[in-house]
Amino acid sequence: MRIRRIAILIDGGFFLKRLPKVVDSRFFDSPEAVAESARVLCKRHVQNLIQEKPSRKTSKWLDHVYRLFFYDAEPFDQIAHHPILNKQIHFSKSKEAEFRRNLFDAIRRKRKFALRLGKVNREDGWRIKDARRTKGLLKTRDFVPFFQEIIRAHEGAIPPPKLSEKDLAGFCKVVSDWQNLEADDVRLSLRQKGVDMRIGIDISTIALKKQADTIILITGDSDFVPAAKVARREGVEFLLDPLWHSINSDLHEHVDGVVSGFRRSKTGKAELSDFSESETTETEK
């Protein structure tokens, strides 16, 4: 049997967003479940390439793996004042930060997995999550002349202002939107740094040093096209798994194939048989 050298690179942020749309909830409801889903996905990819049946009890799939990479960013650990709750938020103590740290620990314990972590920087202040809601709240500006008249009336300069029924309805709508704005409706503007760079560098390094003859990238981001070009020019087979997500045409153009590690069932989720071997066989230890 030909021994292939396979490297699989998982864009962690993309993986975590797509997983709920791809697998049943029990396969992403804990850090350990997410880590296991990543392992099973990698195993299925390798088995497909080496044409090994998933039901085989003594799998040799890890013999064909150069390394399995998982990329993400360290949780944001600073403190920020919440504009609606009017209190300090310790992001390092949030449930999301705890989940990420436990996930990273679980990934580290998986054989042949390498964890690559960037960081999260604060880009700006707090923002309303829903862009349409932001647009609606900004309509408050339309009532600035009315507010000015109220101020002047309070000062005794003019009689109290009157609104038309249409303007009154719009004014009440804006007031209601502000009153119904809750703490979860706003978020701090954060941005990952160094994750994409690490993926690009690893793809180029693996290709230039001939460390693998096949690279599988799990993402839906077209930012990695330059790195994919480098790999293909060096004779490396470059495959993409967007986890059933639609991708741009330039990604199709610059990869050797779009593949799927998970088989889609009639329910629209991955086949449960993909996760049938939750126990690790002796050959995988």
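Since the model is a prediction, treat every value here as computed from it, not as a measurement.

**Focus: the overall build of the protein chain**
Turning to step 1, where the next piece is worked out: The number of helices and strands found in the protein chain is 9 helices and 9 strands.
Turning to step 2, where the next piece is worked out: Measuring between centres, the 53 positive side-chain charges of the protein chain sit 3 Å from its 42 negative side-chain charges.

**Points about helix α7 (residues 195-208)**
Turning to step 1, where the next piece is worked out: The end-to-end C-alpha distance of α7, which contains 14 residues, comes to 20 Å, matching closely the 20 Å that a straight helix rising 1.5 Å per residue would cover.
Turning to step 2, where the next piece is worked out: Residues of α7 that are buried include every one of Val195, Ile199, Gly200, Asp202, Ile203, Ser204, Ile206 and Ala207, and no others.
Turning to step 3, where the next piece is worked out: Lys210 occupies a position one or two residues after α7 and carries a positive phi of about 55°.

**Here we look at the sheet that holds strand β8 (residues 237-241)**
Turning to step 1, where the next piece is worked out: Spatial ordering of the open sheet is given by β6-β5-β2-β1-β7-β8-β9, a layout of 7 strands whose pairing is mixed. Both edges of this open sheet fall to β6 (186-193) and β9 (257-258), since each of them pairs with a single strand only.

**Describing unusual backbone geometry**
Turning to step 1, where the next piece is worked out: Positive phi is not limited to glycine here, since Asn86 has a value of about 60°.
Turning to step 2, where the next piece is worked out: Relative to the helices and strands, Asn86 resides in the loop between β3 (79-82) and β4 (87-90).
Turning to step 3, where the next piece is worked out: Residue Asn86 is classed as exposed on the basis of its relative accessible area, which comes to 56%.

**Focus on the packing of aromatic side chains**
Turning to step 1, where the next piece is worked out: The full count for this structure, using the stated rule, is 11 aromatic pairs.
Turning to step 2, where the next piece is worked out: Taking 6.2 Å as the distance between ring centres and 90° as the angle between the ring planes, the aromatic pair formed by Phe15 and Phe70 counts as edge-to-face. Taken as a pair, Phe15 in helix α1 (residues 12-22) and Phe70 in strand β2 (residues 65-73) lie far apart in primary sequence, 55 residues in all. Across this residue pair, the class does not change: Phe15 and Phe70 are buried.
Turning to step 3, where the next piece is worked out: Both rings, one in Phe69 and one in Tyr71, keep their centres 6.1 Å apart while their planes meet at 20°; by these two values the pair is stacked.
Turning to step 4, where the next piece is worked out: Residue class for Phe69 comes out buried when judged on its relative accessible area of 2%.
Turning to step 5, where the next piece is worked out: The class for Tyr71 is buried, based on a relative accessible area of 1%.
Turning to step 6, where the next piece is worked out: Following the ring pairs from residue to residue traces out a cluster consisting of Phe143, Phe146, Phe147 and Phe171.
Turning to step 7, where the next piece is worked out: If you follow Arg67 out to its NZ or CZ, it ends over the ring of Tyr66, 4.9 Å from the centre.

Calculation rules
- Residues numbered from 1 in each chain as written.
- Predicted model: local features only at pLDDT ≥ 70, side-chain atom pairs only at ≥ 80, totals over all residues.
- Heavy atoms only, no water.
- Helix = DSSP H or I, 4+ residues; strand = E, 2+ residues; numbered from the N terminus.
- Lys, Arg positive; Asp, Glu negative; His and termini not counted.
- Charge placed at Lys NZ, Arg CZ, Asp CG, Glu CD.
- Expected span 1.5 Å × (residues − 1).
- Buried < 20%, exposed > 50% of the residue type's maximum accessible area, 1.4 Å probe, protein only.
- Pairing = 2+ DSSP bridges.
- Phe/Tyr/Trp six-rings, centres within 6.5 Å; stacked < 30°, edge-to-face > 60°.
- Lys NZ or Arg CZ within 6 Å of the ring centre and 35° of its normal.

Any functional reading would require information that these geometric values do not contain.
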